[in-house]
Structure formats: C-alpha cells, structure tokens
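# Commentary on secondary and tertiary structure
Here's the letter readout for the chains.
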Amino acid sequence: MCTRGFAGVVRAAVPAMLAIGCGPAGSAESLVGETLFKQHCAACHQADGTGVPGLAPPLANALAGQLASPRAGEYLAHVLVAGLVGPVVSAGQNFNSAMPAVAQLSDDEIVAIANFVARALNGATEDRVTRANVIAARERRGGPADSLRLRRALLSGQP
Ligand code: HEC
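All residue numbers refer to positions counted from 1 along the written sequence of the respective chain. The predicted nature of this model means local features are confined to residues of pLDDT at least 70 and side-chain atom pairs, given and counted, to a pLDDT of 80 or more, with totals for whole chains, interfaces and linings taken over all residues.

Attention shifts here to the nonpolar core. Where a protein is soluble and globular, its nonpolar side chains tend to be buried together. Take the buried Ala, Val, Leu, Ile, Met, Phe, Trp, Tyr and Cys residues, join any whose C-beta atoms are within 7 Å, and the set you get is a nonpolar core. Three exposure classes are used. Buried residues have 20 or more other C-beta atoms within 10 Å of their own C-beta, exposed residues have 12 or fewer, and partly exposed residues fall in between, all C-beta atoms being placed from the backbone. Counting residues in hydrophobic clusters, the biggest one holds 28 residues, and the most contacted among them are Leu-76, Ala-77, Leu-80, Ile-110, Ile-113, Ala-114 and Val-117. Working definition: helices are DSSP H or I runs of at least four residues, strands are E runs of at least two. Numbering for both runs from the N terminus. Elements represented by at least two residues in this core include exactly helix H5 (72–82), helix H6 (107–119), helix H7 (131–140) and helix H8 (144–155). Those residues within four positions of Ala-77 in sequence are excluded, and the remaining contacts are Ile-110, Ala-114, Val-129, Asn-133, Val-134 and Ala-137. Each residue is represented by a C-beta atom placed from its backbone, and any two residues with such atoms within 7 Å are regarded as in contact.

Structure, rendered in structure tokens:
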C-alpha cells in the first residue's frame, strides 16, 4: 500500500522532472532557479522577492529599468559574481548595505537563479542571462563597487 501521500509523490516527482526537463521550455531550469533562490537569496530578499525595507531591496517587479537595458544580463551576472554595495534607490526606497557575492556557485546555477529573477519575479518572457555573461563577469574581476557603477550606467541609459 502506498502510504507516502501527496507530498511524498510530489517530492519523488521533482528529480524525475529535472532529469527529463519536462514542461514548457525552461521550466526545469526555473525550478532549479527557484530552489537556489530560496537557499541563497531569500534570507535577505524574501522567498517572494519583496525584500525588506532598509535591509534588502525588492527584486519582484522592481527590475523593469534594469531589464529594459540590453546590458541586463551583464549586470545581473555581475551582481551575483561580485556582489553589490549601495547606496541604491529601489522602488523609491533607499538601501545602503552590502550584498555578498555568490561566486562559489557554478556558472549554470548563477544563470538559473538570475533567469528565475528575470522571468518568474519580473515577467521577462525569455532568458536574459547567459553562461557567457557569467564567464565575462568572472573574468572582469571587478568588485561590488563595479556592480554599482554598472547599475548607474544601466539605469541612466549609458552604453
Ligand atoms: C545578505 C543579504 C543579501 C543576500 C543573501 C542577497 N542579497 Fe541581493 N542585495 C542585497 C542588498 C543589501 C542589495 C542592495 C545593495 C546595497 O544596499 O548594498 C541587493 C541587491 C540585489 C540586486 C540589485 C537590485 C537592483 O535594484 O538593481 C539583485 C539583482 C540581487 N540583489 C539579487 C540577489 C540574488 C539573486 C541573491 C541570491 C543569490 C541575493 N541577491 C542575495 C542583499 C542580499
């Protein structure tokens, strides 16, 4: 008799879904991205990406300006590889703290998290961050202040 119930069935199905990449394009990656987001980002940005006033900016529906830029992939990859220091203004609120880098994650993991942020939290209809963006960000060897410079350039529409 099967006693593990619905939750057990769902848990058992997840590895199979990842293995065969089922569902619409990108959904296996998106599931991985969501799981990694909960592990590495939710402590500050919250599981739903709404952020914490004064501590960590919102990511959900807050990155329209960044995503409108053709350099969005470069920026998001750089924030994850190098971290970011404030001051930044997001959704009309001031933040002046420091985000730690997650450079220890693999290129694919960083791509999955960043595209989860772009797609699931901000409604992007296609992936915005590539492995090439992550590799370029690593090679740049910039620090968190470089991410801030990149953010300013991006939001002011500079090349
Ligand atoms: C220790 C808390 C902390 C963790 C963990 C963290 N962040 Fe951040 N994040 C911040 C802070 C703080 C800022 C704003 C910069 C500042 O104030 O220095 C920020 C900024 C950002 C930005 C830039 C937002 C913008 O308005 O341009 C992105 C994107 C981002 N984080 C994504 C992530 C992702 C994805 C993860 C998980 C891999 C993550 N963060 C983990 C604290 C954190």
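Residues in close proximity to the ligand total 27 residues, the closest being Cys-41, Cys-44, Gly-86, Phe-95 and Met-99. Mapped onto the shell around the ligand, the elements with two or more residues apiece are helix H3 (42–45), H5, strand E1 (84–85), strand E2 (88–90), strand E4 (98–99) and H6. By residue class, the composition of the shell around the ligand is 19 nonpolar, 7 polar and 1 charged. What makes a residue near a molecule or strand is its C-beta atom, placed from the backbone, lying within 6 Å of it. Residue classes follow a fixed rule: Ala, Val, Leu, Ile, Met, Phe, Trp, Tyr, Cys and Pro count as nonpolar, while Asp, Glu, Lys and Arg count as charged, and any other residue, Gly among them, counts as polar.

Our next topic: the environment of Phe-95. Structurally, the position occupied by Phe-95 is in strand E3 (residues 93–95). Looking at Phe-95, the number of C-beta atoms within 10 Å reads 21, which means it is buried. A sequence separation of 42 residues divides Phe-95 from Pro-53, and the C-alpha atoms of the two residues are 8.0 Å apart. With sequence-adjacent residues up to four places away left out, Phe-95 is seen in contact with Pro-57, Gly-86, Pro-87, Val-88 and Ser-90.

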